[in-house]
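In case you want the letters, here they are:
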Amino acid sequence: MAALPSLQQLRYLIALEEERHFGRAAERSFITQSTLSASLRDLESTLDVTLVERDRRHVSFTAIGDATVIRARELVAQANDLVELCASSRHPLTGTFRLGVIPTVAPFSLPPTLATLRVQYPKLKLMLREELTGICLDRLLASSLDAALIALPYDLPAGIETLSLFDDEFLFVTADPKLGAAQSPLPIEKIDPEQLLLLEDGHCLREHAIAACSLKNAHTNRALAATSLITLTHMVESGLGHTLLPELAIAGGVLSGSSLYARRFTPRGPSRTIALAFRKTSARREEIAELGKIFAQSKGFTGAVRAATARRARKPLHAPH
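Since the structure is predicted, the reported quantities are computational estimates derived from the model, not experimental observations.

## Quick word on the environment of Gly241
Residue placement: Gly241 occurs in the loop between α9 (229-237) and β10 (243-246). Expressed as a C-alpha distance, the spacing of Gly241 and Ala175, which sit 66 residues apart in the sequence, is 8.2 Å. Those residues in contact with Gly241, other than ones at most four positions away along the chain, are Gln195, Leu197, Met235 and Val236.

## Section: helix α3 (residues 33-47)
Helical geometry note: an α-helix holds 3.6 residues per turn, so side chains three or four residues apart project in the same direction. With 15 residues, α3 extends 21 Å between its outermost C-alpha atoms, agreeing within 8% with the 21 Å of an ideal straight helix rising 1.5 Å per residue. For α3, the complete set of buried residues consists of Leu36, Ser37, Ser39, Leu40, Leu43 and Glu44. In a view along the axis of α3, the buried residues occupy a sector of 160°, so they form one face of it. Facing away from the buried surface of α3 by more than 90 degrees, the exposed residues are Ser34 and Ser45. On its buried side, α3 packs onto α1 (7-19), α2 (22-28) and β1 (52-54). Within two residues after α3, Asp48 carries a phi angle of roughly 60°, on the positive side.

## Description of the side chain of Thr104
With respect to the secondary-structure elements, Thr104 resides in the loop between β3 (95-101) and α5 (106-120). The exposure class of Thr104 is buried, given its relative accessible area of 4%. Among the polar contacts made by the side chain of Thr104, one reaches the side chain of Arg272 at a distance of 3.0 Å. Discounting chain neighbours no more than four positions away, the residues touching Thr104 are Leu199, Leu205, Leu229 and Arg272.

## Here we look at the pairing of strand β5 (residues 147-152)
Here β5 lies mainly inside the structure; six of its six residues are buried. On β5, burial covers both faces: Ala147, Leu149 and Ala151 on one face and Ala148, Ile150 and Leu152 on the other are all buried. Bridge count for β3 against β5 is three bridges, and the pairing is parallel. What sits directly across from Val101, in β5, is Leu149. In this structure, β5 lies alongside strand β13 (residues 271-279), joined through five bridges in antiparallel fashion. Pairing of Ala151 across the sheet is with Ile274, part of β13.

## Overview of the packing of α5 against helix α11 (residues 285-297)
Between α5 and α11, the shortest axis-to-axis distance is 9 Å and the interhelical angle comes to 125°. One element, α5, and the other, α11, form an angle in the oblique class. For α5 against α11, the interelement crossing comes out right-handed. Only Glu290, Leu291, Ile294 and Phe295 of α11 make contact with α5, whose side of the interface consists of Ser109, Leu110, Thr113, Thr116, Leu117 and Gln120. Of the residues assigned to the contact of α5 with α11, the class counts are five nonpolar, four polar and one charged.

What counts and what doesn't
For every chain, the first residue of its written sequence is number 1, and the numbers climb from 1 along that sequence. Whole-chain, interface and lining totals are the exception, using all residues; otherwise, since this is a predicted model, local features are given only for residues with pLDDT of at least 70 and side-chain atom pairs are given and counted only at 80 or more. To get the side-chain values, take all heavy atoms of the structure and skip hydrogens and water. Here a helix means four or more residues in a row that DSSP labels H or I, a strand means two or more in a row labelled E, and each is numbered from the N terminus. Throughout, a contact is declared for two residues whenever any of their heavy atoms are within 4.5 Å. To estimate how far a helix should reach, multiply one less than its number of residues by 1.5 Å. Buried, partly exposed and exposed residues are distinguished by accessible area as a fraction of the type maximum, computed with a 1.4 Å probe on protein chains only: under 20%, between the cut-offs, and over 50%, respectively. Starting at the helix axis, one direction is taken to each C-beta atom, and the arc is that of these directions. Under the rule applied, a polar contact is a pair of N or O atoms within 3.5 Å (in protein, one hydrogen donor and one hydrogen acceptor; residues adjacent in sequence only if both atoms are side-chain atoms). When DSSP finds two or more bridges between a pair of strands, those strands are recorded as paired. Only C-alpha atoms enter the line fits that serve as axes; for helices the fit covers just the stretch in contact. Angles between N-to-C directions range over 0 to 180 degrees. For this classification, under 35 degrees means roughly parallel, over 145 means roughly antiparallel, 65 to 115 means roughly perpendicular, and everything else is oblique. Crossing handedness: left-handed means the near helix sits turned counterclockwise from the far one by under a right angle, and right-handed means the same turn made clockwise. Each residue is assigned to one class: nonpolar for Ala, Val, Leu, Ile, Met, Phe, Trp, Tyr, Cys and Pro, charged for Asp, Glu, Lys and Arg, and polar for all the others, Gly among them.

Shown next as structure tokens:
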């Protein structure tokens with residue numbers, strides 16, 4: 001029977017591919033550089049191929065090296081899933097759970113959910129990482145996350161499944177009382193795309209807003225793009241333009257203290273779908289489903305923004321206290 005590589009060797013190989021530097025890969029793996037080099041040589045000897053071409057300054061992977069890293073990630077992820085399967089069968093939602101969350105969801109969905117989790121699952125240690133969607137999904141595939149709270153639609157890579165939790169409707173937000181204080185919903189076609197301020201490229205919320213309002217081919221104001229929802233609201237309040245914000249953020253207080261108006265669209269406004277993403281091979285499906293229920297129940301805006309809009313038809317809309 002042919003000798004097989006060890007999981008530890010595969011982990012070192014993955015670290016080297018991601019760092020492209022022996023020193024940094026060794027430091028990340030908590031080993032010495034000589035140990036990393038020796039492990040890689042043993043791996044190449046076991047597989048009888050050259051995986052990496054290196055000199056004192058550069059590290060480059062061969063074609064078979066690139067293909068091996070892809071398989072290595074899959075094998076390490078499946079091994080982790082096996083361990084998690086056994087652990088979760090003994091004690092569901094205990095120990096460490098690594099959750100990625102996108103920036104346009106994290107500050108608004110996490111606080112009520114974490115409070116519930118502390119009560120219902122006191123032995124759960126939730127490790128949170130806030131990243132853009134693409135990075136969250138890469139970390140999922142690399143098995144450095146157990147699940148990720150993201151927004152759909154998104155072009156998901158192979159090997160990822162999602163569990164939809166709830167729809168998050170977009171509202172029109174403006175500092176202009178003529179546009180914002182009207183009692184009637186706003187027709188989407190009334191939006192001037194050249195006056196629309198959005199997040200910078202890389203945030204899925206930007207693409208959701210453009211697609212939801214059929215603005216794909218329209219010229220939006222790319223010269224003025226914000227890095228966060230807080231910055232975006234300040235830009236709108238300064239009179240630079242209008243924007244679209246998700247209901248989750250408004251109910252979470254992103255407009256609190258501002259003089260901005262939030263107005264619904266007609267027909268029923270465009271929306272994104274908040275979902276939990278996870279590996280198809282994940283052994284923690286039941287735990288992910290339970291987390292999903294808690295996130296859905298704790299989303300915090302059921303009827304709140306709708307009621308506030310009705311009550312404050314001619315006043316700035318703030319999140320209810």
